[in-house]
Amino acid sequence: MLIEKINAIFPLCHRIFFQPFSIFSWNVHIGHAVPGIVCFQYFDRHLSLLQQFADEDRDQILCFQRITRYFFLEELFETFFQHIQEIRSHLNNFNYQLTPSIILEIVKWRKETGRDCKIIFTAHDYQLVCPNHMLNNPNTHQNCEKCLGGHFVNCMKGKCIHGSTAKSAIGMMEAEFWKWKGTYKYIDTMICCSEFMKSKMDSNPLFATKTVAMHNFIDKVEWKETEKKDYVLYFGRFSEEKGIGTLIKVCKELPDVQFIFAGTGPLEETVNGIKNIKNVGFQKGEALEKLIREARFSIYPSEWYENCPFSVMESQMYGTPVLGANIGGIPELIQVGKNGELFESGNAEDLKKKIEKLWGDKKLCAEYSANCKDISFDTIDEYYEKIMKVYQ
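Each chain carries its own residue numbering, running from 1 in the written order of its sequence. Reporting of local features is limited, given that this is a predicted model, to residues whose pLDDT is at least 70; pairs of side-chain atoms are given and counted only at 80 or more, and all residues count toward the totals for whole chains, interfaces and linings. Values shown for side chains rest on all heavy atoms present in the structure; no hydrogens or waters enter the calculation.

Asks: Hey, could you run me through the state of the cysteines in this one?
Replies: A covalent bond between the sulfur atoms of two cysteines is what we call a disulfide. To count as a disulfide, a pair of cysteine sulfur atoms needs to be within 2.5 Å. One pass over the full model with this rule turns up 0 disulfides. Of the cysteine sulfurs around Cys-144, a residue in no disulfide, the closest is that of Cys-160, at 5.5 Å.

Here is the structure:
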């Protein structure tokens, strides 16, 4: 059945489907809007059409995209929502120019019908307060907060979008236009995936009354007593903002420590050829799980304002403590002295000292690893309870 296929793609769908109101979720990514969650039980007459799509195309994702194209019609608000008593629209991430248009269409529908539709937005990056969405200047590789408070002209001054004055000017004008139009005042609640992101979003007085911090959820995994092997793991993207340059510098200064790097990215060539770094390339699934479980500890050396990095959570879920950079939302995910350590982001000397400490103390690493068994990240069920309160 199609419902089962959709549930497989969206873990929370089957919980949200059978609520007394409907949630229409727009997942906005790379310029596409995907209605992610709709209460199908109100629309039995449409299920035969949905099943037809499913029967014609066995690929779940492609099938869902085809269904999306059917639903993404102007008549959706007129024909689909007239059967629902209460409606919630959830914008998952943000993308110019599409997302503001969705907001304005919802507002238009509310005015024309006299009905309510609460708008919830989950922020996974800093797009609403920084036109290049990272609070980081790609030219200097330095974190930058000059646009906070709505001073978007700094985006053009710093050439913050792909190092281009023209592209940055367009980004600045887009940000200024939507600010002038007052589009964001219609958002009822903004979910931030870290307290750190909330603090940056709150720099806009309009947002400060709307934000709520909710870390991402993570599935509980089976705890396995795993024999640790003698290596330190980095898994993720090989790029400047991830702190790879600083980590490689430290690796060279610690020839007796074995490192495994699992990933890919623009700085991959700088990783190769170093004696104590084994680059195993991009890994996923069971292969990645095995690498994480068997590592003494993992390193997350990011140098930009990470929000709620899944890698930090995943490492601890598999019983491997994390040495993380003290930046962005990373410190919120590590209990220092219990299941990991922090070092000053970008400080090679501090990183080196912390690696030496953990590498030279197997007992301490074992204690940290055992403590990972009691970590308290939100499960799907716990996240569900929180998000349902937002929807009320």
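Asks: What should I look at first to understand the pairing of strand 4 (residues 117-123) in this one?
Replies: A regular strand places its side chains so that they alternate between the two faces of the sheet. Working definition: with a 1.4 Å probe on protein chains only, accessible area under 20% of the residue-type maximum means buried, over 50% means exposed, and in between means partly exposed. Runs of E in the DSSP output that reach at least two residues are strands. Runs of H or I that reach at least four are helices, and both are numbered from the N terminus. Of all 7 residues that make up strand 4, 7 are buried, and the element is covered over most of its length. The two faces of strand 4 match: Cys-117, Ile-119, Phe-121 and Ala-123 on one face and Lys-118, Ile-120 and Thr-122 on the other face are all buried. Looking at chain direction, strand 3 (residues 87-92) and strand 4 are connected through 6 bridges and run parallel. The residue bridging Ile-87 from the neighbouring strand is Cys-117, located in strand 4. Two strands make a pair as long as DSSP finds a minimum of two bridges between them.

Asks: Explanation requested: unusual backbone geometry in the structure shown.
Replies: As a rule of thumb, non-glycine residues mostly have phi less than zero, and peptide bonds are mostly trans rather than cis. Here Leu-135, not a glycine, exhibits a phi torsion of approximately 55°, which is positive. Here Leu-135 lies in the loop between strand 4 and strand 5 (136-137). By relative accessible area, Leu-135 is classed as buried at 1%.

Asks: It is not clear to me how the sheet that holds strand 9 (residues 232-237) should be interpreted in this structure. Could you clarify?
Replies: Paired through their backbone hydrogen bonds, the strands of a sheet run either parallel or antiparallel. Read across the open sheet, the 6 strands follow the order 11-10-9-12-13-14; overall the sheet is parallel. Two strands lie at the open edges of the sheet, namely strand 11 (277-279) and strand 14 (340-343), each paired on one side alone. Here the average twist between neighbouring strands, direction ignored, is 25°. The pairing of strand 9 with strand 12 (residues 297-300) spans 2 bridges and is classified as parallel. Bridge pairing links Leu-233 to Ser-298 in strand 12. A contact between two residues is defined here by any heavy atoms of the two lying within 4.5 Å. Whenever a helix is involved, its axis is fitted only over the stretch in contact; in every case the axis is a line through C-alpha atoms, and angles between N-to-C directions fall within 0 to 180 degrees. Sitting on the sheet, helix 11 (residues 244-253) touches strand 9, strand 10 (259-264), strand 11 and strand 12, and the angle it makes with strand 10 is about 155°.

Asks: Help me out: how do you make sense of the environment of Thr-209 in this one?
Replies: Looking at the element boundaries, Thr-209 is found in the loop between helix 10 (205-208) and strand 8 (211-213). C-alpha of Thr-209 to C-alpha of Met-190: the two residues are 19 residues apart in sequence and 9.2 Å apart in space. Side-chain atoms alone can form a polar contact between residues adjacent in sequence; in general such a contact is a pair of N or O atoms within 3.5 Å, and within protein one must be able to donate a hydrogen while the other accepts it. A distance of 3.4 Å separates the side chain of Thr-209 from the backbone oxygen of Leu-206, its partner in a polar contact.

Asks: Please explain the packing of aromatic side chains as it appears in this structure.
Replies: Here the aromatic set is Phe, Tyr and Trp, taking the six-membered ring for Trp, and pairing holds for ring centres within 6.5 Å; pairs whose planes are under 30 degrees apart are stacked, those over 60 apart are edge-to-face, and all others are tilted. If you walk through the whole model with that rule in mind, you get 9 aromatic pairs. Between Phe-217 and Tyr-383, the aromatic rings sit 5.2 Å apart at their centres with planes inclined by 55°, giving tilted as the arrangement. Here Phe-217, found in the loop between strand 8 and strand 9, pairs with Tyr-383, found in helix 17 (residues 380-391); they are 166 residues apart in sequence, far enough to count as distant. A residue is classified by how much of its surface remains accessible, and Tyr-383, at 7% relative accessible area, is buried. Ring geometry for Tyr-234 versus Phe-238: centroids 6.2 Å apart, planes at 35°, classification tilted. Here Tyr-234 and Phe-238 have matching classes, each one buried. A network of ring pairs unites the aromatic residues Phe-177, Trp-178 and Trp-180 as a single cluster. One cation-aromatic arrangement involves Lys-200 over Tyr-305; the distance from NZ or CZ to the ring centre is 5.6 Å. We call a charge positioned over a ring when the NZ of a Lys or the CZ of an Arg lies within 6 Å of the ring centre and within 35 degrees of the ring normal. The side chain of Arg-296 reaches across the aromatic face of Trp-359, ending 3.8 Å from its centre.

Asks: Teacher, can you tell me more about the pairing of strand 14 here?
Replies: Neither face of strand 14 is exposed, since Gly-340 and Leu-342 on one face and Glu-341 and Phe-343 on the opposite face are all buried. Sheet analysis places strand 13 (residues 322-325) next to strand 14, joined by 4 bridges and oriented parallel. Following the sheet pairing, Ala-325 is matched in strand 14 by Phe-343.

Asks: Mind showing me how you'd approach the nonpolar core here?
Replies: Inside soluble globular proteins, nonpolar side chains tend to come together where they are buried. As used in this record, nonpolar core signifies buried Ala, Val, Leu, Ile, Met, Phe, Trp, Tyr and Cys residues forming a set joined through side-chain atoms within 4.5 Å. One finds Met-201, Phe-259 and Phe-261 to be the most contacted residues of the largest nonpolar core, which totals 81 residues. Residues within four places of Phe-261 in sequence aside, it is in contact with Tyr-234, Phe-238, Ile-244, Leu-247, Ile-248, Cys-251, Val-271, Ile-277, Lys-278, Asn-279, Val-280 and Gly-281. Formed by 10 residues, the second largest nonpolar core is a distinct cluster that contains Leu-233, Ala-262, Ala-295 and Tyr-318.

Asks: Is there a simple way to think about the packing of helix 11 against helix 15 (residues 348-359) in this case?
Replies: How two helices sit against one another is set out by the angle between their axes and by the gap between those axes. It is at 9 Å that the axes of helix 11 and helix 15 come closest, and there the two elements cross at 55°. Viewed along their axes, helix 11 and helix 15 adopt a mutual orientation that is oblique. Viewed along their axes, helix 11 and helix 15 form a crossing whose handedness is right-handed. When helix 11 is examined against helix 15, the residues Thr-246, Leu-247, Lys-249, Val-250 and Glu-253 are found in contact with a partner set consisting of Ala-348, Leu-351, Lys-352 and Ile-355. Residue composition of the contact of helix 11 with helix 15, by class: 5 nonpolar, 1 polar and 3 charged. The scheme is simple: roughly parallel for angles under 35 degrees, roughly antiparallel for over 145, roughly perpendicular for 65 to 115, oblique for anything else. We call a crossing left-handed when the near helix sits turned anticlockwise from the far one by less than a right angle, and right-handed when that turn is clockwise. Gly is placed with the polar residues, together with every amino acid not listed as nonpolar (Ala, Val, Leu, Ile, Met, Phe, Trp, Tyr, Cys and Pro) or charged (Asp, Glu, Lys and Arg).

Asks: Got a minute to help me understand the pattern of salt bridges in this structure?
Replies: Oppositely charged side chains are able to pair whenever their charged atoms sit close together. In the sections that follow, a salt bridge refers to a side-chain nitrogen of Lys or Arg positioned within 4 Å of a carboxyl oxygen of Asp or Glu. Within the structure shown, the criterion is met by 16 salt bridges. Among the salt bridges present, the one from Arg-237 reaches Glu-241, with a minimum N-O distance of 3.9 Å. Lys-352 is paired through a salt bridge with Glu-253; the nearest N and O atoms lie 3.7 Å apart. Note that Lys-352 is positioned in helix 15 and Glu-253 in helix 11, a separation of 99 residues in sequence. Given the relative accessible area of 33%, Glu-253 is considered partly exposed. In this structure, a network of salt bridges that share partners links the residues Lys-224, Glu-289 and Arg-293.

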